[in-house]
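Listed here are the chains, written in short residue letters.
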Amino acid sequence: PGGDCSGVVLVAGQHSPLSPGQSVFGLAEGSLGSHVQASAQTLVAMPGQISFEAAATMPTVFITVDMVLHRAAAMQRGERVLVHAAAGGVGLAALQLIEAAGATPVATAGSPSKRSLLRSLGVAHVVNSRDLSCFEGVAAAGGVDVVLNSLTSPGMVAGSLSVLRRGGRFVEIGKRDIWAPAAVAAERPDVSYSLLAVDFLPDVVVQSALQRMAAGVAAGQLAP
């Protein structure tokens, strides 16, 4: 807890790209406190049109989906992307990047209110993540090219693999009860399988993702 943050730089190193008085957002350990000491590589200048509170909601979720969709999965225009738990932070960020890339989201959510929220955001394909029969509808609609997975309850991973088109990409961001690469290969040898967590990304990779996120916010393409 307390990794995402926004605030004002008080002191900067001699060769830092940041300067005292500058508003920034990003990642830093101990952000539940009033002050943090952080690497300039994990912070970026904050666009002027969002508040500190809104900015602090963005880093982890947008870095995650940026790395999943544009790096691990190499999502292409016109592809279909299955986003589990799409009403959560990562899911809502993913929907924005999918739309910006010209791809089509297929979203799951666990409650009627969450599914209603997703439909109100313009998502045409929304299914119940608490019913394995949801995969029948996804398969009938032609399947998907990419799966952004965070659900590991019984049947969810196998069901998600079953709706991937040949040569599809499955990216796992969960931390518990995840499938080993060998298990995925045994089930679907044609599928590319990746595990991704922001916790293990080098600072230089975090900085690049933060720069892309900040540019998207400044251009009005991304929202908190």
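Nothing here was measured: the structure is a model prediction, and the numbers come from that model. (Residues numbered from 1 in each chain as written. Predicted model: local features only at pLDDT ≥ 70, side-chain atom pairs only at ≥ 80, totals over all residues. Heavy atoms only, no water.)

(A) Structural view of the overall build of the protein. From N to C terminus, the protein includes eight helices and nine strands. At 18 Å, the protein has a C-alpha radius of gyration in line with the 17 Å of a compact globule built from 224 residues. Along the first, second and third principal axes, the C-alpha atoms of the protein reach 55 × 40 × 30 Å. Relative to its full complement of 224 residues, the protein shows a buried share of 46%. Counted over contacts in the protein with a minimum sequence separation of 6, partners at least 24 positions apart contribute 56%. Total accessible area on the protein is roughly 10,900 Å²; 54% of this is exposed by carbon and sulfur atoms. (Helix = DSSP H or I, 4+ residues; strand = E, 2+ residues; numbered from the N terminus. Rg over C-alpha atoms; globule rule 2.2 N^0.38 Å. Buried < 20%, exposed > 50% of the residue type's maximum accessible area, 1.4 Å probe, protein only. Contact = heavy atoms within 4.5 Å. Areas by Shrake-Rupley, 256 points an atom, 1.4 Å probe, with all protein chains shown as cover.)

(B) Region of the structure containing the sheet that holds strand β3 (residues 43–45). Spatial ordering of the open sheet is given by β1-β2-β3, a layout of three strands whose pairing is antiparallel. Each edge of the open sheet is held by one strand with a lone partner, namely β1 (4–8) and β3. When strand polarity is set aside, the average angle formed by the axes of neighbouring strands in this sheet is 25 degrees. Two strands pair when backbone bridges link them, and strand β2 (residues 23–27) and β3 are joined in this way by three bridges, in the antiparallel orientation. Bridged to Gly-26 within β3 is Leu-43. Helix-sheet contacts for helix α2 (residues 59–72) involve β1 and β2, and the interaxial angle to β2 is about 60 degrees. (Pairing = 2+ DSSP bridges. Axes fitted to C-alpha atoms, helices over the stretch in contact; angles between N-to-C directions.)

(C) Molecular detail of the sheet that holds strand β7 (residues 144–149). One open sheet holds the six strands; their spatial order is β6-β5-β4-β7-β8-β9, and the pairing between them is parallel. In the strand order of this sheet, the two ends are held by β6 (125–128) and β9 (192–195), each with one partner. Across the sheet, the axes of successive neighbouring strands diverge by a mean angle of 15 degrees, strand direction being ignored. The pairing of strand β8 (residues 164–172) with β9 spans four bridges and is parallel. From the neighbouring strand, Val-171 faces β9, where its bridge partner is Ser-194. Set on the sheet, helix α3 (residues 89–100) makes contact with β4 (80–83), β5 (104–109) and β7; between it and β4 the angle comes to about 170 degrees.

(D) Looking closely at the pairing of β7. The element β7 is largely enclosed, with a buried count of six among its six residues. As paired elements, β4 and β7 share three bridges and run parallel to each other. Bridge assignment links Leu-82 to a residue of β7, and that residue is Val-147. Strand direction decides the pairing type here: β7 and β8, joined by five bridges, are parallel. Looking at the pairing, Val-146 lines up with Arg-169 of β8. Crossover β7 to β8 through helix α6 (residues 156–162) is right-handed. (Right-handed = clockwise from strand over helix to strand, strands pointing away.)

(E) Region of interest: the pairing of β6. Strand direction decides the pairing type here: β5 and β6, joined by four bridges, are parallel. Directly across from Val-106, in β6, lies its bridge partner His-125. At this point the chain moves from β5, through helix α4 (residues 112–120), to the parallel β6, and the crossover so formed is right-handed.

(F) Structural detail: the environment of Val-138. Here Val-138 is to be found in helix α5 (residues 134–140). Considered as a pair, Val-138 and Ala-107 are 31 residues apart in the sequence and their alpha carbons are 9.8 Å apart.

(G) View of the packing of aromatic side chains. Scanning the model with the defined rule gives one aromatic pair in all. Taking 5.7 Å as the distance between ring centres and 45 degrees as the angle between the ring planes, the aromatic pair formed by Phe-170 and Tyr-193 counts as tilted. You can see Phe-170 sitting in strand β8 and its partner Tyr-193 sitting in strand β9, a full 23 residues away along the chain. We classify Phe-170 as buried; its relative accessible area is 0%. (Phe/Tyr/Trp six-rings, centres within 6.5 Å; stacked < 30°, edge-to-face > 60°.)

(H) Local environment of the pattern of salt bridges. Tallying each qualifying case throughout the model produces five salt bridges. Residue Arg-169 pairs with Glu-79 through a salt bridge whose shortest N-O separation is 2.6 Å. Residue Arg-169 is found in strand β8, and its partner Glu-79 is found in the loop between α2 and β4; the two are separated by 90 residues along the sequence. Like Glu-79, Arg-169 is buried. (Salt bridge = Lys/Arg side-chain N within 4 Å of Asp/Glu carboxyl O.)

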